Amino acid sequence: MATIPPLLLFFFLLLNSIPIPSFSCPLHHKQALLNFKSNITIIFNLNQSDNYYPFKSWSPNSDCCFWSNVNCNKARTITKLYLSHIMPSYDNPASVFFDIFTPLFHIRSLKQLDISYNHLVGKIRGDGFGNLTQLVYLDLSSNNFNGSIPYQIFGLTNLRYLDMNDNSFEGNLVPEVGKLQNLVSLDLGTNFLTGNIPQEIGNLTKLISFYLRDNFFSGGIPSSIANMKDLEILDFSFSSFSMAIPTCIARLPNINTLALNNNQLAGPIPSSIQNLSKLENLWLQDNHLTGEIPTGIFNITTLNRFFIGEKGSKLIWNNKAKIIPKSSLLSLSMPSCGISSQIPEWISSHKALGYLDLSENKLEGPFPNWLAEMNLETIILYDNKLTGSIPQHLFESKLLGVLHLSRNNFSGELPENIGYATGMRYLMLSGNNFSGQIPISLSNMINLELLDLSINKFSGHNFPDLIHAYSLIYLDLSNNEFFGKIPTTFSTTIEFLYLGENEFSGHLPWNLTKLVNLQHLDLHDNNITGYFQDVLPQSPYLQVLVLRNNSFEGFIPTTISSFSNLRILDLSRNNLSGSIPLEIANLTSMIKAPVHMSTSGEFEFSTSISFDGGIPMHFDTGDLIVNWKNSFQGLSSHSLDIYSLLDLSNNKISGEIPASLGNLKSLKVLNISNNNISGHIPLSFGNLKGIESLDLSPNKISGSIPKSLEKLDGLGILDVSNNRLTGKIPMGGHMSTMNGLRYFANNSGLCGMQIHITCPEDILPPLEGREEDEDDENLSWIFWVGTWIGFPIGFFSSILIMGYFLNFLLLFKVW
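Residues numbered from 1 in each chain as written. Predicted model: local features only at pLDDT ≥ 70, side-chain atom pairs only at ≥ 80, totals over all residues. Heavy atoms only, no water.

**Quick word on the overall build of the protein chain**
The helix and strand inventory of the protein chain stands at five helices and 54 strands. Burial statistics for the protein chain: of 815 residues in total, 50% are counted as buried. Counted over contacts in the protein chain with a minimum sequence separation of 6, partners at least 24 positions apart contribute 51%. In the form shown here, the protein chain has an accessible surface area of approximately 37,600 Å², with 55% of it arising from carbon and sulfur atoms. (Helix = DSSP H or I, 4+ residues; strand = E, 2+ residues; numbered from the N terminus. Buried < 20%, exposed > 50% of the residue type's maximum accessible area, 1.4 Å probe, protein only. Contact = heavy atoms within 4.5 Å. Areas by Shrake-Rupley, 256 points an atom, 1.4 Å probe, with all protein chains shown as cover.)

Listed below in structure tokens is the structure:
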């Protein structure tokens with residue numbers, strides 16, 4: 001065997017002794033990732049052929065440093081994992097818990113970890129984070145984690161970026177948060193955090209952005225935030241903060257965005273805020289602030305957006321102040337700030353202004369020409385006292401997207417060129433004195449989402465063609481003087497259609513019933529004819545159907561039960577006949593208790609609109625007018641989803657009341673008055689747990705009022721007048737408070753304490769008879785007492801008398 005030369009052997013040993021860097025990631029890192037991949041593929045039953053499969057490059061035979069969503073450093077160790085949106089997104093996603101990430105905690109070299117937007121649920125186990133001491137970047141946002149924030153996270157002292165936004169974390173923010181002294185960005189917004197903010201938060205002196213919005217904190221804003229000299233963004237909005245705005249905020253020299261809106265902050269606005277020389281965005285609206293608004297705020301040269309006031313504001317605007325703005329505002333919002341006289345002309349100096357809201361003030365005078373020429377995107381001036389007509393050149397702007405002038409005193413006809421504003425999305429002119437026809441040019445507004453022209457004096461029968469306005473959701477033409485046939489040139493996207501209180505006539509158009517997205521249809525107080533069973537809308541989403549005070553004939557079809565979302569059905573004051581179908585009791589939304597979502601009738605601006613700074617703007621639409629508890633009232637658009645009403649009154653309906661109506665447990669108002677209904681009041685009406693008003697008056701109902709009605713704790717009005725009822729009115733529960741005589745009138749057989757008529761079974765024996773009986777009883781007692789006393793006395797008296805006479809006779813015998 002040949003020997004290796006000594007020199008060659010030396011070089012061989014030397015080469016083997018030199019460390020050669022690895023060209024693959026560590027095996028235990030690869031195994032951790034493969035375990036993680038395995039967990040997900042099993043839970044979601046994924047495979048390589050799925051359209052959504054994020055792990056195609058994660059092969060055991062390749063270097064994990066080259067896998068998607070994985071980054072390594074020069075030493076081939078994993079330092080970054082970008083696992084955002086890694087879970088499949090289904091309509092009904094599987095419940096995936098945080099434990100699925102357990103394998104990743106073996107990768108101690110991690111510096112960045114992003115697991116946001118993954119539908120994760122449950123509590124976070126904090127022990128794994130104790131291994132990741134090198135973390136600089138941690139993003140857990142947009143999941144559904146709950147429980148308290150693990151204390152181990154506050155031990156990651158190298159963190160510079162921590163985002164836990166949009167979860168369900170709860171409990172207090174503990175003082176240990178002050179250990180994260182290297183943080184540059186902290187986002188704990190949109191959670192359920194409570195309690196006070198610890199003063200230790202002031203230890204985070206390197207913070208540049210700080211978000212606590214949308215939580216439930218109590219108490220005030222801690223003064224220690226004054227230590228955050230580098231802070232540029234402070235967002236504490238929608239978080240229940242109270243007390244005063246701390247003056248120390250003025251000691252944040254670099255702040256450019258200050259959002260304290262939608263809290264319960266009280267007291268004055270610190271005048272020192274006007275010293276924040278870098279301030280760009282200031283949101284203070286929707287608080288309990290008082291006192292005068294510092295006009296010096298308009299001297300901040302960097303200011304772009306200023307939002308203050310809102311409904312019920314107690315702030316005061318100095319109408320005599322001379323304002324010479326040094327800023328160039330993009331957005332100005334000052335609703336309910338007590339601004340009077342004409343629209344302030346100093347606003348015209350803000351040449352870049354795109355958003356203006358001066359609603360709910362005391363503004364008077366005309367719509368100024370200078371405002372019409374400013375080329376704004378949004379103009380909101382509702383609830384003022386403005387007069388005159390709208391300048392024609394306002395609509396020459398293609399940028400104008402929102403015009404809200406409702407509830408003023410504007411008059412005249414709309415400009416013929418109104419349709420030139422093709423960028424219009426929200427046009428709200430209700431509650432004014434506009435007249436004439438709607439200009440045909442309005443059909444050019446194909447981007448419309450909401451059109452409200454209600455409560456004016458518009459007339460005519462020629463309507464703009466809105467069939468191509470594919471974004472149109474809400475249309476309200478009610479309470480005007482329109483006549484002729486109902487217009488049909490509406491987009492099929494409409495969800496809310498209000499045409500009531502006009503002079504429309506004729507049949508309900510066939511294609512109107514084909515609007516398959518309709519949620520609300522209100523045609524009350526017109527002269528519309530036709531057979532109701534033939535004109536039922538075909539939308540499965542229908543929630544509100546109001547056809548009151550028209551001339552509909554026919555009957556209520558059994559197919560009414562297919563409208564599972566119907567909560568308000570008002571067919572009163574028509575000519576409907578037939579009986580109440582049993583199937584009406586299957587209306588699902590009248591059976592189950594409503595869940596208040598605060599969305600019905602309320603519209604919100606898209607958060608993508610740049611000029612509002614991303615804050616959604618809410619506009620309330622008109623109230624829904626119905627017969628509510630024996631008077632016509634408006635149901636607020638804020639909470640329309642909590643109401644449930646069935647009104648079939650003033651028709652020609654006959655037959656008996658179906659006992660199945662007792663299934664409608666969420667009904668608040670049931671009115672079947674002024675019909676030809678006979679039979680008895682069903683015992684099942686005692687199951688109407690939500691009922692507040694029940695009207696059965698002018699009918700032919702007989703029998704007694706069921707005792708089961710005593711269980712209806714919320715019943716405030718019960719009207720059974722003008723029927724054929726008999727028997728005793730129940731007295732238990734709220735029935736004992738039903739003492740309005742008119743609600744029981746003209747039922748000759750009724751009795752009860754509510755109507756001050758004593759029922760036969762409650763009549764006691766007459767008072768005179770009782771006195772005679774008592775006298776007889778007394779005489780009888782005296783007789784027997786006298787007998788028992790008189791008998792022995794008489795007996796012994798007789799003996800004595802007889803003895804006396806016997807002695808007297810003996811005396812004569814002796815002699």
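**Focus on helix α2 (residues 27-44)**
Each full turn of the α-helix corresponds to 3.6 residues, which orients residues three or four apart in the same direction. Here α2 contains 18 residues, and its C-alpha end-to-end distance of 26 Å stays within 8% of the 26 Å for a straight helix at 1.5 Å per residue. On the buried face of α2, the contacting elements are β1 (70-72), β2 (78-82) and β3 (96-97). Just past α2, the residue Asn45 takes up positive phi, approximately 55 degrees. (Expected span 1.5 Å × (residues − 1).)

**With respect to the environment of Thr247**
With respect to the helices, strands and loops of the structure, Thr247 is situated in the loop between β14 (233-235) and β15 (257-259). Sequence-wise, Thr247 and Ala226 are 21 residues apart; in three dimensions their C-alpha atoms are separated by 9.3 Å.

**A word on the pattern of salt bridges**
Inspection of the entire model under this criterion finds 11 salt bridges. A salt bridge links Asp570 to Arg548; the shortest N-O distance between them is 2.7 Å. In this pair, Asp570 is assigned in strand β41 (residues 568-570) and Arg548 in the loop between β39 (544-546) and β40 (551-553), connecting sequence segments 22 residues apart. Overall, Arg548 belongs to the buried group, its relative accessible area being 2%. Each of Asp525, Arg548 and Asp570 takes part in a single network of salt bridges with overlapping partners. (Salt bridge = Lys/Arg side-chain N within 4 Å of Asp/Glu carboxyl O.)

**Some points on the environment of His756**
Here His756 is to be found in the loop between β54 (749-751) and α5 (767-814). In the structure, His756 is positioned 15 residues away from Leu741 in sequence and 8.8 Å away in space, judged by C-alpha atoms.

**Focus: the sheet that holds strand β16 (residues 266-267)**
In a beta sheet, neighbouring strands pair by backbone hydrogen bonds and run either parallel or antiparallel. Taken in spatial order, the three strands line up as β16-β18-β20 in an open sheet, and their pairing is parallel. The open sheet terminates on both sides in strands that have one partner only, identified here as β16 and β20 (314-316). Here three bridges tie strand β18 (residues 288-292) to β20, and the two strands are oriented parallel to one another. In the sheet register, Glu292 faces β20, and the bridge partner there is Ile316. (Pairing = 2+ DSSP bridges.)

**Section: the state of the cysteines**
As enumerated under the stated definition, the model contains three disulfides in all. At a sulfur-sulfur separation of 2.1 Å, the disulfide partner of Cys65 is Cys72. In this structure, the disulfide formed by Cys65 and Cys72 twists by about -95 degrees around the S-S bond and is classed as left-handed. A residue is classified by how much of its surface remains accessible, and Cys72, at 22% relative accessible area, is partly exposed. Numbered by position along the chain, the disulfide-linked cysteines of the protein chain connect as 1-2, 3-4, 5-6. (Disulfide = S-S within 2.5 Å.)

**Details of unusual backbone geometry**
The residue Ile455 is not glycine, and still its phi comes out positive at about 55 degrees. Its location among the elements puts Ile455 in the loop between β31 (450-452) and β32 (457-460). Its relative accessible area of 47% is what places Ile455 among the partly exposed residues. A positive phi angle is found at Arg573, which is not glycine, with a value near 60 degrees. Classification of Arg573 as partly exposed rests on a relative accessible area of 38%.

**A look at the pairing of strand β28 (residues 409-413)**
Direction of pairing for strand β26 (residues 385-388) relative to β28: parallel, over a ladder of two bridges. By the bridge assignment for β28, Gly388 is matched with Phe410. Bridge count for β28 against strand β30 (residues 433-436) is three bridges, and the pairing is parallel. Considered in β30, the bridge of Glu413 is made with Ser435.

**A short note on the packing of aromatic side chains**
Applying the stated criterion across every chain yields a total of 30 aromatic pairs. Judged by centre distance (5.2 Å) and plane angle (70 degrees), the rings of Phe105 and Phe129 are edge-to-face. Placement of the pair is Phe105 in the loop between β3 and β4 (112-114) and Phe129 in the loop between β5 (120-123) and β6 (137-139), with a sequence separation of 24 residues. Both residues of the pair, Phe105 and Phe129, belong to the buried class. Centroid distance Phe298 to Trp317: 6.1 Å. Interplanar angle 85 degrees. Geometry classified as edge-to-face. You can see Phe298 sitting in the loop between β18 and β19 (305-307) and its partner Trp317 sitting in the loop between β20 and β21 (331-333), a full 19 residues away along the chain. In terms of burial, Phe298 and Trp317 fall into one category: buried. Cluster of aromatic residues (ring-pair linked, three or more members): Phe36, Tyr53, Phe55, Trp58, Trp67, Phe98, Phe101, Phe105, Phe129, Phe145 and Phe169. (Phe/Tyr/Trp six-rings, centres within 6.5 Å; stacked < 30°, edge-to-face > 60°.)

**A closer look at the side chain of Ser109**
Tracing the chain through its elements places Ser109 in the loop between β3 and β4. Note on Ser109: relative accessible area 15%, which makes it buried. Reaching out from Ser109, the side chain makes a polar contact with the backbone oxygen of Ile78 at a distance of 2.5 Å. Residues contacting Ser109, with those up to four places away along its chain left out, are His29, Thr77, Ile78, Thr79 and Gln134. (Polar contact = N/O pair within 3.5 Å; in protein donor to acceptor, adjacent residues only side chain to side chain.)

**Regarding the pairing of strand β11 (residues 192-195)**
In terms of strand pairing, strand β9 (residues 168-172) meets β11 through three bridges, oriented parallel. Among the inter-strand pairings, Gly171 is bridged to a residue of β11, identified as Leu193. Summarising the sheet, β11 and strand β13 (residues 216-217) pair through two bridges and their orientation is parallel. Its bridge partner being in β13, Thr194 is matched across the sheet by Phe216.

**So, the sheet that holds strand β36 (residues 503-507)**
Pairing within the open sheet is parallel, and its 10 strands lie in the order β22-β24-β26-β28-β30-β32-β34-β36-β38-β40. The strands lining the two open edges of the sheet, one partner per strand, are β22 (340-341) and β40. Bridging between β36 and strand β38 (residues 527-531) involves three bridges; their strand directions are parallel. Bridge pairing links Gly506 to Ile528 in β38.

**With respect to the confidence of the model for the protein chain**
Scored by pLDDT, the protein chain has a mean of 88; 87% of the residues are at 70 or more. In this model, residues 770-774 is a region of pLDDT below 50 whose contacts with residues beyond four sequence positions or in other chains number one contact. Segment residues 795-815 is flagged for pLDDT under 50; beyond a separation of four residues in sequence, or across chains, it makes zero contacts in the model. (pLDDT = per-residue confidence, 0-100.)

**Focus: the environment of Lys629**
Considering the arrangement of structural elements, one finds Lys629 in the loop between β44 (624-627) and β45 (632-635). On a C-alpha basis, the gap between Lys629 and Asp695 in space is 8.6 Å, while along the polypeptide they are 66 residues apart.

**Quick look at the side chain of Asp522**
Its place among the elements puts Asp522 in strand β37 (residues 520-522). One buried charged residue, Asp522, forms no salt bridge at all, with the nearest opposite charge on Arg548 at 5.7 Å. What Asp522 contacts, discounting residues up to four positions off in sequence, is Leu497, Tyr498, Leu499, Gly500, Val546 and Leu624. (Lys, Arg positive; Asp, Glu negative; His and termini not counted.)

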